[in-house]
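# Structural description and commentary
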Amino acid sequence: MSKPQYKRILLKISGEALAGEATRGLDFGVIRQVCQVIKECIEMGVQVGIVVGGGNFWRGVKDGGGRMDRSRADHMGMLATTLNALALADVLEQLGAEVRVETAVEMRAFAEPYIRSKAIRHLEKGRVVIFGCGTGNPFFSTDTAAVLRAAEIDADVILLAKNIDGVYSADPRKDPNAVKYDTITYDDILAQHLQVMDSTATSLSMDNKIPVILFALKDPHNIIRVLQGEKIGTIVKEEK
């Protein structure tokens, strides 16, 4: 097996990806495949932090928009991310991995409160650290939380595992002429309003000079391929 290109990563997994074909709820067959690959990453010596979305249960803006207060809708979204974090943790532990769940909102009966130094210590000991509740604040996406945690733990790269295999010039499901980019800059994403991450997350990754690699989680082994330097998906980075 090739030597990994990165020592410490922040893996962002969309909630929808954990639902498999159903798009809602949890597909434990999919989750087990993802967790097996994460365990392989640990065995390769890679330190793994994870931020997971909650869209397979609840999306604050989409599901609560216009019918309830935005802050409360986002609080429900934080709870949804915790459901996913606990599910991932349980399957990882079944596979023999050491895991810690840390939440931005205190839920001491379920998880540790997020403390940066503690999270880094867990990573250094080879434990997977799963960050729940996003940033702990409404109006911020879990993509923004992923960039924030990546910056805080000094991650080498953000791996954005979604239901699409890269960054396109337009939505490939709607535009057959959409072009996939192998590499793109943060500035181009912001200028073209491309739906990679929200603008806050993109700006934060740009300001902290953290490269982002977006790829499809449909084949979980794409995570290993990215770590080994294969050209999978799209790399978002500073203009050289």
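Before going into details, it helps to say that this report is about the structure given with it. (Residues numbered from 1 in each chain as written. Predicted model: local features only at pLDDT ≥ 70, side-chain atom pairs only at ≥ 80, totals over all residues. Heavy atoms only, no water.)

### Things to note about the sheet that holds strand 10 (residues 212-216)
Defined as follows: Note on pairing: DSSP must find at least two bridges between two strands before they are called paired. In DSSP terms, a helix is any run of H or I states spanning at least four residues, a strand is any run of E spanning at least two, and both are numbered starting from the N terminus.
One open sheet accounts for nine strands, arranged 4-3-5-2-1-6-10-11-9; its pairing is mixed. Each edge of the open sheet is held by one strand with a lone partner, namely strand 4 (112-113) and strand 9 (183-185). Across two bridges, strand 3 (residues 99-103) lies against strand 4 in parallel orientation. When the sheet's bridge partners are listed, Glu-102 is paired in strand 4 with Glu-112.

### Some thoughts on the state of the cysteines
The line we're drawing: In plain terms, two cysteine sulfur atoms within 2.5 Å form what is called a disulfide here. Classification of residues uses two cut-offs on accessible area relative to the type maximum, computed with a 1.4 Å probe and protein chains only: under 20% is buried, over 50% is exposed, and between them is partly exposed.
Applying the stated rule across the entire model yields zero disulfides. Among the cysteines around Cys-41, which has no disulfide bond, Cys-35 carries the closest sulfur, lying 11 Å off. Accessibility expressed as a relative area gives 1% for Cys-41, which makes it buried. Left unpaired, Cys-133 is separated from the closest cysteine sulfur, that of Cys-35, by 19 Å. For Cys-133, a relative accessible area of 1% puts it in the buried group.

### Looking at the packing of helix 2 (residues 28-43) against helix 4 (residues 70-94)
Angle between the axes and distance between the axes are the two parameters that describe a pair of packed helices. What counts, and what does not: Fitted lines through C-alpha atoms serve as axes, helices being fitted only where they are in contact, and the angles separating the N-to-C directions of these axes extend from 0 to 180 degrees. Roughly parallel means an angle under 35 degrees; roughly antiparallel, over 145; roughly perpendicular, 65 to 115; everything else is oblique. Left-handed describes a crossing in which the near helix is turned anticlockwise from the far one by less than a right angle; the clockwise case is right-handed. The contact criterion used is simple: two residues touch if any of their non-hydrogen atoms lie within 4.5 Å. By the convention adopted, Pro, Cys, Tyr, Trp, Phe, Met, Ile, Leu, Val and Ala count as nonpolar, Lys, Arg, Asp and Glu as charged, and the other residues, Gly among them, as polar.
As a packed pair, helix 2 and helix 4 sit with axes 9 Å apart at the nearest point and diverge in direction by 60°. Relative to helix 4, the element helix 2 lies oblique. As helix 2 packs across helix 4, the resulting crossing turns out to be right-handed. Together, Phe-28, Ile-31, Arg-32, Cys-35, Ile-38 and Lys-39 of helix 2 and Ala-87, Leu-88, Val-91, Leu-92 and Gln-94 of helix 4 make up the contact between the two elements. Partitioning the contact of helix 2 with helix 4 into residue classes produces eight nonpolar, one polar and two charged.

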